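Residue-level listing of the chains:
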Amino acid sequence: MLKNIVFILFLSFSVPSLAQVGRSFWFVVPGLMHDHGVNPILFRITAFDKPANVTISMPANPAFNPYSLFIGANKQVNYNLNTSVSENIPAAKVNNKGYLITSDQDVSIYYDVADSYNPDKFILKGNSALGTKFYIPSQNHFPISPDHKSASEKVDIVATEDNTMVSFTPPVAVVGHAALKPVVVTLNRGQTYCIENRDPSANSSMAGMLVTSTKEVAITISDDSVLDYWPHDLIGDQLIPVSMLGMEYIAMRTNNDKGSKHKVYLVGTQDGTTIIINNDPKNSYVINAGEQKMFDVTGSSIYIKSSSPIYAYQLTGVVNNNGNEFG
């Protein structure tokens, strides 16, 4: 795989730019296919104009000793994670794998799967990642590589408070749960749960699944070893809740390579939501809550406007051996 990493890009005029800066960050690390590459995995933490004292902890894991580090002004420090301690496995079981990172000054953090064969970056969104209502966006045009049979699509959840009831109804069969059957899981502070879809086919995804909770949670989504012809790559992100979504987005084409693929997946959060592309009434569509619609990013960008908040999840590609390395 290429060492280059393509970021998921989307600009929303309704969400503050400070959404990725803060002093408290919850995150759950997705379990990945190790044969494809998963090392090293790191938190990359950056301080701004003031030095920061940062603590990394796992509140539900008494065996994990909190780790303190100092970051100088305008400096970045990398913290290496242990996969056996960090990855939220197994699926369909309550685990004690949630990370809490706190700082005495504003910092930004991203989780980096820095393996050269299967890289991706997950931007931690601080308090803006916390909520009680989420819809899941997911690509549903490309399969998972048959060369990596344990790779899968995952939704990983971490609770921020005790006695948090998490509810979801998977649209497809997932590990431990049948399709279209409601599930309720109770988590304590720092505990985690993984919803795993092992069907590798392109049209099998958890797109549009509603996840609600009685107290605030953070959610990581991932889709491992997504295949286009020959290249196959990890994609994913930390979600923001419905309460933080916007109604205007710009999805930018990240390169002009011939054959590169650039798609944006829009998920409705309210019934009867009107979406207009590039201010063209002829490109007007209506979607309902939990319904997903895909648009190709044509030209240098597309402008998206909706009548109610929507998710906008972008898949970008870099051409390699007649296929795309995705991010």
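What comes next is a walk through the structure.

Conventions and cut-offs
Residues numbered from 1 in each chain as written. Predicted model: local features only at pLDDT ≥ 70, side-chain atom pairs only at ≥ 80, totals over all residues. Heavy atoms only, no water. 1 Å grid on protein atoms, 1.4 Å probe; cavity = no way out; pocket = protein on both sides within 12 Å on 5 of 7 lines; lining within 4 Å. Points joined across faces, edges and corners; volume = space filled by probe spheres on them. Nonpolar A, V, L, I, M, F, W, Y, C, P; charged D, E, K, R; others polar. Helix = DSSP H or I, 4+ residues; strand = E, 2+ residues; numbered from the N terminus. Buried < 20%, exposed > 50% of the residue type's maximum accessible area, 1.4 Å probe, protein only. Contact = heavy atoms within 4.5 Å. Phe/Tyr/Trp six-rings, centres within 6.5 Å; stacked < 30°, edge-to-face > 60°. Core = buried A, V, L, I, M, F, W, Y, C linked by side-chain atoms within 4.5 Å. Pairing = 2+ DSSP bridges.

By volume, the second largest pocket is sized at about 200 Å³. In terms of lining, the second largest pocket is formed by 16 residues, of which the most central are Leu32, Ile89, Ser150, Lys154 and Glu196. Taken together, the residues of the lining of the second largest pocket sort by class into 7 nonpolar, 4 polar and 5 charged.

You can see Leu227 is positioned in strand E14 (residues 210–227). Given a relative accessible area of 15%, Leu227 falls into the buried group. On a C-alpha basis, the gap between Leu227 and Asn324 in space is 8.0 Å, while along the polypeptide they are 97 residues apart. Apart from residues lying up to four places away in sequence, Leu227 is in contact with Phe142, Pro143, Ile144, Ser145, Pro146 and His232.

On inspection of all chains with the given rule, the structure shows 10 aromatic pairs. Arranged with centres 5.1 Å apart and planes meeting at 40°, the rings of Tyr67 and Tyr79 form a pair that is tilted. Of this pair, Tyr67 sits in strand E5 (residues 67–71) while Tyr79 sits in strand E6 (residues 76–80); the two residues are 12 residues apart in sequence, bridging distant segments of the chain. Tyr67 gets classed as partly exposed once you look at its relative accessible area, which sits at 41%. Site record: aromatic cluster; members linked through ring pairs are Phe27, Phe43, Phe64, Tyr99, Tyr111 and Phe122.

Before going further, it helps to examine the nonpolar core. Across soluble globular proteins, nonpolar side chains show a tendency to be buried alongside one another. Formed by 47 residues in total, the largest nonpolar core has its most connected members in Val155, Ile157, Ile195, Ile219, Val264 and Ile304. It is strand E21 (residues 301–320) that contributes the most residues to this core, 7 residues altogether. Beyond its immediate stretch of four places on either side in the chain, Ile304 contacts Met247, Glu248, Tyr249, Ala251, Val264, Leu266, Ile275, Ile276, Ile277 and Ile310. Judged by nonpolar contacts, the second largest core, of 26 residues, contains Ile41, Ala52, Ile56 and Ile109.

As a further point, take the pairing of E21. With 16 of 20 residues buried, E21 lies mostly within the body of the structure. Where strand E16 (residues 246–252) meets E21, 6 bridges bridge the pair, whose relative direction is antiparallel. Looking at the pairing, Tyr249 lines up with Ile304 of E21. Two strands pair when backbone bridges link them, and strand E17 (residues 262–268) and E21 are joined in this way by 7 bridges, in the antiparallel orientation. Paired with Gly268 across the bridge in E21 is Ile310. Two strands pair when backbone bridges link them, and strand E18 (residues 273–277) and E21 are joined in this way by 3 bridges, in the antiparallel orientation. The residue of E21 that forms the bridge with Ile277 is Ile304. For E21 and strand E22 (residues 323–326), the ladder comprises 4 bridges, and the chain directions are antiparallel.

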